[in-house]
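Spelled out from the first residue to the last, the chains are:
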Amino acid sequence: MASEDVVGKTSATIANIAEEAKIASEGVKAPSRQTLLGICKSLVAGGVAGGVSRTAVAPLERMKILLQVQNPHAIKYNGTIQGLKYIWRTEGLRGMFKGNGTNCARIVPNSAVKFFSYEEASKGILWLYRQQPGNEDAELTPLLRLGAGACAGIIAMSATYPMDLVRGRLTVQTDKSPSQYRGIAHALRTVLREEGPRALYKGWLPSVIGVVPYVGLNFAVYESLKDWLVKSRPFGLVEDTELSVTTKLACGAAAGTIGQTVAYPLDVIRRRMQMVGWKDAASIVTGGGKSTVEYTGMIDAFRKTVRYEGVGALYKGLVPNSVKVVPSIAIAFVTYEVVKDVLKVEMRISD
């Protein structure tokens, strides 16, 4: 895919900058085998972290999307608890996890690229920052971490966005939907045939804008909290410069809460734009044949959502998202670091 080529080139460029920084600072030739193992370690750890965290909160993720896109003229889901009970009663256990397989197929490469890109972007940005007079011994600041996190998020999101679009549609369709997507490949083919290639990137702009506060703040807050705890050692939370898993979980939870609160209205608009132009759309979107709003772009979607449903509509699904995002982000960060540590030990043993 073209998007994968772009991401590959971008990641390679960032990696090259990082390696040049290492060579310049250490004055030695970087070992290619060690570099390759480090890249693989970051990719594997990020992929596992994304898959585990999303599976753990799959029912809440589906509930959030249903609340975001349901037609205001035919309300089926009035809240998180009522909605989950309705899904259980009408669709059973499988309904709770509908779309999770597609979500994992998307989130594993997304998380892998995101975590790896963040590490490499951090190195590259720090190297560039240290080239400025007086910054030779500088360390990463929260602002620099925000930039690295935003770059990583945009690269990863763009690479897997078509899968996110079809995942959203697969998540909201039910057995009573007039037309059924049979899986990722079938959904991609159908969208391409009926709506054209551009349809695969509906809602991409608000997604890019939302990446800056969401992913950027996630990484920045998490890393800054870790650094602060290691340096100040409050309440005896740190021993020998190492944070416990519980402390890392708390840092990840704080980072996730801040990021999702700031970016949430953009997520609602993105999801609604993804449903536009869907032939034989699920009844949750069409309202059983009732009036369906069409959007010409991001600004139009914001304007019509607020005009017809009020400002509160920009936060539909916030409750299940708030409940899920804390454990999801926290588990992702902790799993990532645990897997990296395990892989590091195994690599030492193999050497």
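Residues numbered from 1 in each chain as written. Predicted model: local features only at pLDDT ≥ 70, side-chain atom pairs only at ≥ 80, totals over all residues. Heavy atoms only, no water.

Participant: Would you explain the overall build of the chain in this entry?
Facilitator: Within the chain, the secondary structure is distributed over 12 helices and 2 strands. Counted from the first residue to the last, the chain has its helices and strands arranged as α-α-α-α-α-α-α-α-β-β-α-α-α-α. Counting only residues that meet the buried cut, the chain has 51% of its 351 residues in that class. In the chain, once contacts between residues fewer than 6 apart in sequence are set aside, the share between residues at least 24 apart is 79%. (Helix = DSSP H or I, 4+ residues; strand = E, 2+ residues; numbered from the N terminus. Buried < 20%, exposed > 50% of the residue type's maximum accessible area, 1.4 Å probe, protein only. Contact = heavy atoms within 4.5 Å.)

Participant: Whenever I open this one, the packing of helix α6 (residues 142-172) against helix α7 (residues 184-195) confuses me. Can you help?
Facilitator: Between two packed helices, both the angle of their axes relative to each other and the distance between the axes serve to describe the pair. Axis separation between α6 and α7 bottoms out at 10 Å; the angle between their running directions is 100°. Comparing the axis directions of α6 and α7 gives the class roughly perpendicular. Facing Pro162, Met163, Leu165, Val166, Arg169 and Leu170 of α6, the residues of α7 in contact are Ile184, Ala187, Leu188, Val191 and Glu195. (Axes fitted to C-alpha atoms, helices over the stretch in contact; angles between N-to-C directions. Parallel < 35°, antiparallel > 145°, perpendicular 65-115°, else oblique.)

Participant: In this structure, what is going on with the confidence of the model for the chain? I would like to understand it.
Facilitator: The predicted coordinates should not be examined in detail at positions where pLDDT is low. Of the residues in the chain, 84% have a pLDDT of 70 or more, and the chain-wide mean is 79. The lowest-confidence element of the chain is helix α1 (residues 2-26), averaging 35 in pLDDT; the highest-confidence one is helix α11 (residues 298-309), averaging 94. Long-range and interchain partners of residues 1-31, a stretch whose pLDDT sits below 50, account for 28 contacts in this model, where long-range means more than four residues apart. (pLDDT = per-residue confidence, 0-100.)

Participant: Teacher, can you tell me more about the packing of aromatic side chains here?
Facilitator: Here the distance between the centres and the angle between the planes together describe a pair of aromatic rings. Tallied over the entire structure, the rule returns 4 aromatic pairs. Centroid distance tyrosine 77 to tyrosine 86: 5.5 Å. Interplanar angle 85°. Geometry classified as edge-to-face. The class of tyrosine 86 is partly exposed, set by a relative accessible area of 22%. Here the aromatic rings of tyrosine 264 and tyrosine 315 are separated by 6.3 Å at their centres, their planes lie at 20°, and the arrangement is stacked. Separated by 51 residues along the polypeptide, tyrosine 264 in helix α9 (residues 245-275) and tyrosine 315 in the loop between α11 and α12 (318-350) bring together distant segments of the chain. For tyrosine 264, a relative accessible area of 2% translates into the label buried. (Phe/Tyr/Trp six-rings, centres within 6.5 Å; stacked < 30°, edge-to-face > 60°.)

Participant: Explain helix α4 (residues 80-96) to me, please; I cannot follow it from the model alone.
Facilitator: A turn of α-helix holds 3.6 residues, and therefore any two residues three or four places apart point the same way. Taking 1.5 Å per residue as the helical rise, α4 with its 17 residues ought to reach 24 Å, whereas the 12 Å between its terminal C-alpha atoms falls clearly short. In the structure, α4 departs most strongly from a straight axis at threonine 90, where the bend amounts to approximately 105°. Three or more residues of α4 are buried, namely Thr80, Gly83, Leu84, Ile87, Glu91, Gly95 and Met96. (Expected span 1.5 Å × (residues − 1). Bend = angle between axes of the 7 residues up to and from the residue.)

Participant: Mind showing me how you'd approach the nonpolar core here?
Facilitator: Within soluble globular proteins, side chains that are nonpolar generally end up buried alongside one another. Core analysis: the largest hydrophobic core is formed by 26 residues, its most contacted members being Phe115, Phe219 and Phe333. For this core, the elements supplying multiple residues, two or more each, are α2 (32-56), α5 (100-130), α6, α8 (204-232), α9 and α12. Ignoring anything within four residues of it in the chain, the contact list for phenylalanine 333 reads Phe115, Asn218, Phe219, Tyr222 and Gly252. In terms of nonpolar packing, the next biggest core, distinct from the first, is built from 25 residues, Ile65, Val69, Trp278 and Val285 among them. (Core = buried A, V, L, I, M, F, W, Y, C linked by side-chain atoms within 4.5 Å.)

Participant: Could you clarify how one ought to interpret the environment of histidine 186 in this entry?
Facilitator: One can find histidine 186 in helix α7. C-alpha of histidine 186 to C-alpha of valine 166: the two residues are 20 residues apart in sequence and 9.5 Å apart in space. Excluding residues within four positions of it along the chain, histidine 186 makes contact with Gln180 and Tyr181. For histidine 186, the side chain forms a polar contact with the main-chain nitrogen of arginine 182, separated by 3.1 Å. (Polar contact = N/O pair within 3.5 Å; in protein donor to acceptor, adjacent residues only side chain to side chain.)

Participant: Quick question: what am I supposed to make of the pattern of salt bridges here?
Facilitator: This structure, assessed with the given rule, holds 22 salt bridges. For the salt bridge of glutamate 61 with arginine 167, the shortest nitrogen-to-oxygen distance reads 2.9 Å. Pair noted here: glutamate 61 is in helix α3 (residues 58-69) and arginine 167 is in helix α6, with a separation of 106 residues, a long-range link. Here glutamate 195 and lysine 202 are joined by a salt bridge, their closest N and O atoms 2.9 Å apart. (Salt bridge = Lys/Arg side-chain N within 4 Å of Asp/Glu carboxyl O.)

Participant: Any chance you could explain the side chain of lysine 324 here in plain terms?
Facilitator: Residue position: lysine 324 is located in helix α12. With sequence-adjacent residues up to four places away left out, lysine 324 is seen in contact with Val57, Leu60, Glu61 and Lys64.

Participant: Quick question: what am I supposed to make of a nonpolar patch on the surface here?
Facilitator: On the surface, Tyr201, Trp204, Leu205 and Ile209 cluster together into a nonpolar patch covering about 340 Å² of accessible area. By the secondary structure assignment, isoleucine 209 is in helix α8. (Patch = residues over 30% accessible without salt bridge, like charges linked within 9 Å, V, L, I, M, F, W, Y side chains within 5 Å. Areas by Shrake-Rupley, 256 points an atom, 1.4 Å probe, with all protein chains shown as cover.)

Participant: Looking at this structure, how should I read α7?
Facilitator: If you check α7, its first and last C-alpha atoms are 16 Å apart, about what 12 residues at 1.5 Å a residue would give, namely 16 Å. All buried positions along α7 are accounted for by His186, Ala187, Thr190 and Val191. One side of α7 holds all its buried residues, which, seen down the axis, span an arc of 130°. Taken together, the buried residues of α7 touch α6. One or two residues past the end of α7 sits glycine 196, with phi positive at roughly 90°. (Arc of directions from axis to C-beta.)

Participant: Can you help me understand the packing of α3 against α4 in this one?
Facilitator: Contact geometry for α3 and α4: axes closest at 11 Å, N-to-C directions at 115°. Pair α3 / α4 crosses with right-handed handedness. Every residue of α4 that contacts α3 at Ala58, Pro59, Leu60, Arg62, Met63 and Leu66 is listed here: Thr80, Gly83, Leu84, Ile87, Glu91, Gly95 and Met96. Classifying every residue of the contact of α3 with α4 gives 8 nonpolar, 3 polar and 2 charged. (Left-handed = near helix turned anticlockwise from the far one by under 90°. Nonpolar A, V, L, I, M, F, W, Y, C, P; charged D, E, K, R; others polar.)

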